[in-house]
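Examining the three-dimensional arrangement
The residues making up each chain are set out below.
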Amino acid sequence: AKEDFSLKSFNVNNTFKINEKLLMKLLSIQSPSKNEGEMKKFIVSYIHANKIECKIDVDETGNILITKGEAELYPCFISHMDEVNAIQSDRTVIKLNNILIGLNAKTGAYAGIGADDANGVYICLEALRAFENVKIAFVVEEEIGCIGSGKMDMKFFENVIFVFQADR
């Protein structure tokens, strides 16, 4: 089933609303270090589903490097795709008193939701939609020693004016 993650009220003129459906989806994707495949698939499918025209490269390490538009200098947003939590069966994300939390659906026990760095992935996806010219980097294996970012080709950043990383 194709899900609609578009934000109908998206407005770059200072009236931005959080796309809670998209955020909850990202928080529900389990993406431990060395197992970022589901998050990678979601990011690429989100870009295609929203018809965002951009160049998508995946390097040898598994980092996703995106360039949208043509500019002399680009803003750049970066996040990592992995989380510290191991795969958890029965993990679900719920909204409780305007707070998104993870619970084990069978036991009711707290379950980590990978907000570090699903929140960063959310910000990068929204930046990709909002900016005409932008670079985005989604890196792997940050939680186990910045492996993905340490192996990136720094040429990607040669025409970048700043890098913004919203790591949770």
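This text follows the structure it describes.
Right, let's walk through the structure included here. In this text the structure is predicted, and so the values were computed from the model without any measurement.

For the structure shown, the criterion picks out six salt bridges. Lys41 is paired through a salt bridge with Glu38; the nearest N and O atoms lie 2.9 Å apart. Residue Lys41 and its partner Glu38 are both found in helix α2 (residues 37-49); the two are separated by three residues, about one turn of the helix. Taking the relative accessible area as the measure of exposure, Glu38 reaches 46% and is therefore partly exposed. The shortest N-O distance in the salt bridge between Asp57 and Lys55 comes to 3.4 Å. Assessed through its relative accessible area of 35%, Asp57 is described here as partly exposed.

Within the structure shown, the criterion is met by five aromatic pairs. Plain terms: the ring middles of Phe77 and Phe164 are 5.7 Å apart, the flat faces sit at 65 degrees to each other, and that makes the pair edge-to-face. Note that Phe77 is positioned in strand β3 (residues 74-80) and Phe164 in strand β7 (residues 160-165), a separation of 87 residues in sequence. With relative accessibility at 9%, the residue Phe77 sits in the buried group. One aromatic cluster is present, formed by Phe77, Phe131, Phe162 and Phe164 through successive ring pairs. The ring of Phe156 has Lys135 lying over it, and the distance from NZ or CZ to the ring centre is 4.5 Å.

In terms of nonpolar packing, the biggest core is built from 29 residues, with Leu26, Ile43, Leu125, Ile136 and Phe138 touching the most fellow members. Contributing elements (two or more residues each) for this core: α1 (20-28), α2, β2 (64-68), α3 (115-130) and β6 (134-139). At eight residues, α3 tops the list of elements feeding residues into this core. Non-local contacts of Ile43, meaning those with residues more than four positions away in its chain, are made with Ile64, Met81, Val121, Leu125 and Phe138.

Procedures and definitions
- Residues numbered from 1 in each chain as written.
- Predicted model: local features only at pLDDT ≥ 70, side-chain atom pairs only at ≥ 80, totals over all residues.
- Heavy atoms only, no water.
- Salt bridge = Lys/Arg side-chain N within 4 Å of Asp/Glu carboxyl O.
- Helix = DSSP H or I, 4+ residues; strand = E, 2+ residues; numbered from the N terminus.
- Buried < 20%, exposed > 50% of the residue type's maximum accessible area, 1.4 Å probe, protein only.
- Phe/Tyr/Trp six-rings, centres within 6.5 Å; stacked < 30°, edge-to-face > 60°.
- Lys NZ or Arg CZ within 6 Å of the ring centre and 35° of its normal.
- Core = buried A, V, L, I, M, F, W, Y, C linked by side-chain atoms within 4.5 Å.
- Contact = heavy atoms within 4.5 Å.

Purely spatial values, then, with no claim about function.
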